[in-house]
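# Structural features, examined
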Amino acid sequence: MPGQGLLQRLQNGSNVMVAEGYLFEFERRGYLKAGAFVPEVVIDHPELVTQLHEEFVHAGSDVVLAFTYYGHREKLRVIGKEDLLEVMNRKALALARDVAWATGTLFAGNICNTTIYRQGEEESNKKVAAIFKEQVEWATEAGVDFIVGETFGELGEAMMALEAIKMYGNGVPAVITLVPAGRGATYDGVPFGQACRKLEEAGAAVVGLNCGRGPGTIVPLMKEIRQACHGPIACLPVTYRTTESHPTMQSLIDPITGERSFPYDLPGQTCSRTEIEKFSTACRELGVTYVGLCCGNCSHYMRIVAEIFGRNPEASKFSPDMSQHYMFGDKKKFSDYTTKGMVEYTGAET
Ligand SMILES: [Zn+2]
């Protein structure tokens, strides 16, 4: 499918795999600070950003998303580095573009919730509009194939992002995803199915949900969105074990300490690979055609999503084959040692 744009791929009945989760991954690696969560690694260690882009493509991502998430004017104000705003955005876009062009994948720009949107407050929302405008213009100048607007809690802010992409995006498609918080509706009170339908009617090429919820609690909302929308829908959960009583990663409580897990102790509640497999199968069956993972994503998860959607990314060369394991593998190859090891480690012979 190389060479085809986002819309052609989706219109041809193909699916689009999308790796996100750069922010958490660089925080985990020690190149980004939890709290403000600004992608300073783009400036400090651009080679690592390139490497992660390449790794996600290797694992099956069809999209290289410029790492401009939370690289907007308000976030840079918070850390006192507004002077880096333009250089950070242009650098992130150039890094993503180079990998996308070298690998025949799609190059996407990225805008997100500003944290200063206030329904009905003109002064604040003027700043929001300006943030979207400048980031969309930089992305467009860099030659993006499409722009992702993501993690909007309010439909109102998502609509403003869509308007900015339509107005300043030189005609590139917009993918707009809302963040599903604890309730079944946006902060401004619109059920997610209806909210996505409104975004679709307003011209978004793909609509859906990302971040906030894990696989266990995002899929039921996707059913509602599938029913409400006519076009392609997107789903990119976080990779944590959210439940009905704790539906978002922000609400998870550590079962050992009883304290809130977000964000420091979230690694204690990461999804198993089997859970990612089940999630991917559910998306495929539901007709989610723009699919991926958000915070907590790593290449071993992304490869599973791609494989469930029938792909065979380069990383699949190293997908597990436990038949070759000396203890759990083919008993004909390892007979005596297999049985002995099984008993010693697991207490069972089979
Ligand atoms: Zn996320």
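For the protein, an unreviewed UniProt entry supplies the name Betaine--homocysteine S-methyltransferase 1 and the organism Aplysia californica. Per UniProt, the protein carries the Cofactor (unreviewed entry) text "Zn(2+)". In its Pathway (unreviewed entry) section, the UniProt record describing the protein reads: "Amino-acid biosynthesis; L-methionine biosynthesis via de novo pathway."

## Focus: helix α8 (residues 155-168)
Compared with the 20 Å implied by 1.5 Å per residue over 14 residues, the 20 Å span of α8 between its first and last C-alpha is a close match. Among all positions in α8, only Leu155, Glu157, Ala158, Met160, Ala161, Leu162, Ala164 and Ile165 are buried. Buried residues in α8 make contact with β3 (106-112), α7 (122-142), β4 (146-152), β5 (174-178) and α9 (192-201). The positive-phi residue at the C-terminal boundary of α8 is Asn170, with phi of around 55°.

## As for the packing of helix α6 (residues 85-103) against α7
Relative to each other, α6 and α7 sit at 35°, their axes nearing to 10 Å. The two elements α6 and α7 meet at a crossing, and its hand is right-handed. For the pair α6 and α7, contact is made by Asn89, Arg90, Leu93, Ala94 and Arg97 and by Gln135, Trp138, Ala139 and Ala142, respectively. Partitioned by chemical class, the residues of the contact of α6 with α7 number five nonpolar, two polar and two charged.

## Things to note about the UniProt feature "binding site: Zn(2+)" (unreviewed entry) in the protein
The sites that UniProt annotates as "binding site: Zn(2+)" (unreviewed entry) are Cys211, Cys294 and Cys295. A maximum C-alpha distance of 6.5 Å is found for the annotated residues, which run over 85 residues; spatially they form one tight group. By secondary structure assignment, the location of Cys294 is in the loop between β8 (290-293) and α12 (299-308). The buried category is assigned to Cys294, around which 30 C-beta atoms lie within 10 Å. Residue placement: Cys295 occurs in the loop between β8 and α12. Excluding residues within four positions of it along the chain, Cys295 makes contact with Gly21, Leu23, Phe24, Cys211, Val238 and Met249.

## Some thoughts on the UniProt feature "domain: Hcy-binding" (unreviewed entry) in the protein
With numbering aligned to this structure, UniProt lists the feature "domain: Hcy-binding" (unreviewed entry) at residues 4-309. Counting secondary structure, residues 4-309 comes out at 45% helix and 13% strand; the distance between its end C-alpha atoms is 18 Å.

## Some thoughts on the domain arrangement of the protein
Split into domains, the protein comes out as domain 1 (6-317) and domain 2 (320-350). The centre of domain 1, based on its C-alpha atoms, is set 41 Å off from the matching centre of domain 2.

## Section: the pairing of strand β6 (residues 206-210)
Along β6, five of the five residues are buried, which leaves the element largely enclosed by surrounding structure. In the sheet, β5 pairs with β6 via four bridges, with the strands oriented parallel. Bridge pairing in β6 places Val175 opposite Val206. For the handedness criterion, the β-α-β arrangement of β5, α9 and β6 is classed as right-handed. Taken together, the four bridges between β6 and strand β7 (residues 233-236) define a ladder with parallel strand orientation. Pairing of Gly208 across the sheet is with Ala234, part of β7.

## Things to note about the nonpolar core
Soluble, globular proteins show a tendency: their nonpolar side chains are buried together. If you look at the biggest cluster of nonpolar residues, it comprises 103 residues, and the most contacted ones within it are Ala96, Ala108, Ile147, Ala161, Val175, Ile233 and Cys235. Beyond its immediate stretch of four places on either side in the chain, Cys235 contacts Gly208, Leu209, Ile218, Met222, Cys283, Val288 and Val291.

Rules of the game
What you see as residue numbers is a count from 1 along each chain, following the sequence as written. For this predicted model, a pLDDT threshold of at least 70 governs which residues receive local features, and a threshold of 80 or more governs which side-chain atom pairs are given and counted, while totals over whole chains, interfaces and linings are taken from all residues. UniProt positions are given in the numbering used here, feature names are shortened, and annotations may be inferred rather than shown by experiment. Counting from the N terminus, the helices are the DSSP runs of H or I reaching at least four residues and the strands are the DSSP runs of E reaching at least two. To estimate the expected span of a helix, count its residues, drop one, and scale the result by 1.5 Å. Buried means a residue has 20 or more other C-beta atoms within 10 Å of its own C-beta, exposed means 12 or fewer, and partly exposed covers the counts in between; C-beta atoms are placed from the backbone. In this description, a residue-residue contact is defined by the distance between C-beta atoms placed from the backbone, which must lie within 7 Å. The angle between two axes is taken between their N-to-C directions and runs from 0 to 180 degrees, where each axis is a line fitted to C-alpha atoms and a helix contributes only its stretch in contact. For any helix crossing, the convention is left-handed if the near helix is rotated counterclockwise from the far helix by under a right angle, and right-handed if that rotation is clockwise. When residues are grouped by polarity, Ala, Val, Leu, Ile, Met, Phe, Trp, Tyr, Cys and Pro land in nonpolar, Asp, Glu, Lys and Arg in charged, and all others, Gly among them, in polar. By convention here, the domain bounds are inherited from an automatic or database domain assignment. Strand pairing follows a simple DSSP-based rule, namely that at least 2 bridges must link the two strands. Looking down the strands as they point away from you, a crossover is right-handed if its path from the first strand over the helix to the second goes clockwise. By definition, a nonpolar core groups buried Ala, Val, Leu, Ile, Met, Phe, Trp, Tyr and Cys residues that connect through C-beta atoms lying within 7 Å of each other.

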